[in-house]
Amino acid sequence: MQGIKDKILSGKRLTKEEAIRLFESDDIFTLGKLASHAAKKKNGNKTYFIRNIHINPTNICVNRCKFCAFSRSKGEEGAYQMTLDEIIRKLSAFNSFASGEPARGGQLSTSFKEVHIVGGLHPDWPFEYYLEIVSSIKKHFPKLQIKAFTATEIEYMSRISGKSVFDTLTALKKHGLDTMPGGGAEIFDENVRDRLCPEKLSSEGWLNVMETAHKAGIKTNATMLYGHVETYAQRVDHLMKLRELQGRTGGFQAFIPLAYHPKNTEIGGSYSSGIDDLKTIAISRLVLDNFTHIKSYWIMLGEKLSQLALLFGADDIDGTIIEEKITHSAGALSGNAMTAEQLKNLIKKAGKVPVERDSFYRELRVNE
Ligand code: V47
């Protein structure tokens, strides 16, 4: 540990072998201190959050990933798909919650800043419907920023539309897409991917969509699903691939480690431990030295562990969320929504400065 510690403190880049050694270590306090040091160099004492809302337009999916409890086949019990009207009505209804103010007669004001849209790969929806979702939201909520569609969905849209990935992304951007979330990355190791989600876009395909998005001027996030069947070496391999791509494009805004939830899934298994969650946040912060932000996603870590993760290298806690379906289908132990005030309190009580941000990490309000 001492050699690695010296390397980190002198700002040198970690190798694959060193990162694996960190995962094998049980000294989480040293890991936390080192990751905190690295996080402070990037973001000082700031912790970011956003007033956001999740919309999942459909859970009908042509793929059946074995870790996913959210998806349904067409016609299966619990399958749903939303019309444009339903999407807009849902956004309007949620607005008063995010603002912390009473609803004002159904007025379409936009006190939340971002809508996060992801869903299943619907067998019948044409590409035009996805364009309409984006443009219709922009029309009703012009100030709302749209973070939408995983790399997996983008590749699917490219296939159904016959357009290149670049043209698919450009069309979505023209209709109002602002940024992209980091889902669908899972774990890049192809053997594990074959076991978990054989029908899904390959890791090479995922990285290619992200590189193309960055070339098209769309900022994205990146994720890693951990705590299922993968080894530490496979986690590190995943982080290395992201670090390499970020080195070439600089297009990733944040990295989010996603803790596997086992309920109602085909592979089953158990929840990750708190120790593993903190370790994974800390090592991500240390390895991904070219990422500005590491997010502790409170929906998956729970409110209190997510707060603790702010002392282990995370500088972002996501947002208000309001209605989360993917993790909750798989047995999330967290609540479903937080107000901006609750998020600020969580951050302040960790000794950090809450900073309300937009989708591009522009600072809207700093609560010194
Ligand atoms: O891609 C699916 C994961 C992801 C399970 O970019 C599961 O800001 C745990 O990507 N247990 C979608 N995870 C969520 C996602 C995300 C969330 C918050 C913020 C951002 C961002 C992105 O959820 C999927 C998959 O990797 N997932 N099933 C499960 N059982």
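### Brief notes about the site of the ligand
Here comes step 1: Around the ligand, the surrounding shell holds 24 residues, and the nearest of these are Phe67, Lys147, Gly184, Glu186 and Lys295.
Here comes step 2: Gly182 has a polar backbone atom sitting 2.8 Å from an oxygen atom of the ligand.
Here comes step 3: Its free accessible area being 610 Å², the ligand has 96% of it covered by the protein chains.
Here comes step 4: Residues belonging to the shell around the ligand are distributed by class as follows: 12 nonpolar, 8 polar and 4 charged.

### Quick notes on the packing of helix α5 (residues 127-140) against helix α7 (residues 165-175)
Here comes step 1: The interhelical angle for the contact between α5 and α7, taken along N-to-C directions, is 25°, at an axis separation of 8 Å. In terms of orientation, α5 and α7 fall into the roughly parallel class. On α7, the residues that touch Phe127, Tyr130, Leu131, Val134, Ser135 and Lys138 of α5 are Thr168, Ala171, Leu172 and His175.
Here comes step 2: Residues of the contact of α5 with α7, tallied by class, amount to 6 nonpolar, 3 polar and 1 charged.

### Concerning the nonpolar core
Here comes step 1: Formed by 109 residues in total, the largest nonpolar core has its most connected members in Leu91, Ile137, Phe149, Trp206 and Leu242.
Here comes step 2: With sequence-adjacent residues up to four places away left out, Trp206 is seen in contact with Ala151, Gly182, Gly183, Gly184, Ala185, Phe188, Leu201, Asn221, Ala222, Leu242 and Phe252.
Here comes step 3: Grouped together as the second largest cluster of nonpolar side chains are 5 residues, Tyr48, Ala254, Val353 and Tyr361 included.

### Things to note about the pattern of salt bridges
Here comes step 1: Scanning the entire structure with this criterion turns up 25 salt bridges.
Here comes step 2: Between Arg89 and Asp85 there is a salt bridge, with its nearest N and O atoms 3.4 Å apart. Placement of both Arg89 and Asp85 in helix α4 (residues 84-99) is noted, with a separation of 4 residues, approximately one turn of the helix.
Here comes step 3: Lys138 is paired through a salt bridge with Asp178; the nearest N and O atoms lie 2.7 Å apart. Of this pair, Lys138 sits in helix α5 while Asp178 sits in the loop between α7 and β5 (179-180), placing them 40 residues apart in sequence.
Here comes step 4: What makes Asp178 buried here is its relative accessible area of 18%.
Here comes step 5: Among the charged side chains, a network of salt bridges with common partners joins Glu211, Lys215, Glu244 and Arg248.

### Points about the side chain of Gln145
Here comes step 1: You can see Gln145 is positioned in strand β4 (residues 145-148).
Here comes step 2: Within the structure, Gln145 has its side chain in polar contact with the side chain of Asp358 (distance 3.3 Å).
Here comes step 3: Within the structure, Gln145 has its side chain in polar contact with the backbone nitrogen of Ser359 (distance 2.7 Å).
Here comes step 4: Not counting chain neighbours up to four residues away, the residues in contact with Gln145 comprise Lys113, Glu114, Val115, Lys138, Asp178, Asp358, Ser359, Phe360 and Arg362.

### Regarding unusual backbone geometry
Here comes step 1: In the Ramachandran plot, Ile321 falls in the positive-phi region, its phi being about 65° despite a non-glycine side chain.
Here comes step 2: Within the secondary structure, Ile321 is located in the loop between β9 (316-319) and α14 (326-329).
Here comes step 3: With a phi angle near 65°, Tyr361 is a residue other than glycine that sits in the positive phi range.
Here comes step 4: Take Tyr361: it is sitting in the loop between β10 (353-357) and β11 (363-366).

### Regarding helix α15 (residues 340-348)
The periodicity of an α-helix, 3.6 residues per turn, causes residues three or four positions apart to be oriented the same way.
Here comes step 1: When we look at burial in α15, the residues that qualify are Ala340, Leu343, Lys344, Leu346 and Ile347. The buried residues of α15 occupy an angular sector of 160° when projected down its axis, which confines them to one face.
Here comes step 2: Residues of α15 that are buried in the fold lie against β1 (46-50), α12 (298-301), α13 (303-309), β9 and β10.

### Here's the deal with helix α2 (residues 16-24)
Here comes step 1: Those residues of α2 that sit buried are Glu18, Ala19, Ile20, Leu22 and Phe23.
Here comes step 2: In this structure, the buried side of α2 is in contact with α1 (2-9), α3 (28-43), α10 (232-249) and α11 (274-287).

### Some points on the packing of aromatic side chains
Here comes step 1: This structure, assessed with the given rule, holds 11 aromatic pairs.
Here comes step 2: Note on Tyr130 and Phe149: the rings are 5.7 Å apart at their centroids and 85° apart in plane angle, and the pair reads as edge-to-face. In this pair, Tyr130 sits in helix α5 while Phe149 sits in the loop between β4 and α6 (151-161), placing the two residues 19 residues apart along the sequence. Phe149 carries the same exposure label as Tyr130, and that label is buried.
Here comes step 3: These aromatic residues form a ring-pair network of at least three members: Phe188, Trp206, Phe252, Phe255 and Phe291.

Thresholds applied
- Residues numbered from 1 in each chain as written.
- Predicted model: local features only at pLDDT ≥ 70, side-chain atom pairs only at ≥ 80, totals over all residues.
- Heavy atoms only, no water.
- Near = heavy atom within 4 Å.
- Polar contact = N/O pair within 3.5 Å; in protein donor to acceptor, adjacent residues only side chain to side chain.
- Areas by Shrake-Rupley, 256 points an atom, 1.4 Å probe, with all protein chains shown as cover.
- Nonpolar A, V, L, I, M, F, W, Y, C, P; charged D, E, K, R; others polar.
- Axes fitted to C-alpha atoms, helices over the stretch in contact; angles between N-to-C directions.
- Helix = DSSP H or I, 4+ residues; strand = E, 2+ residues; numbered from the N terminus.
- Parallel < 35°, antiparallel > 145°, perpendicular 65-115°, else oblique.
- Contact = heavy atoms within 4.5 Å.
- Core = buried A, V, L, I, M, F, W, Y, C linked by side-chain atoms within 4.5 Å.
- Buried < 20%, exposed > 50% of the residue type's maximum accessible area, 1.4 Å probe, protein only.
- Salt bridge = Lys/Arg side-chain N within 4 Å of Asp/Glu carboxyl O.
- Arc of directions from axis to C-beta.
- Phe/Tyr/Trp six-rings, centres within 6.5 Å; stacked < 30°, edge-to-face > 60°.

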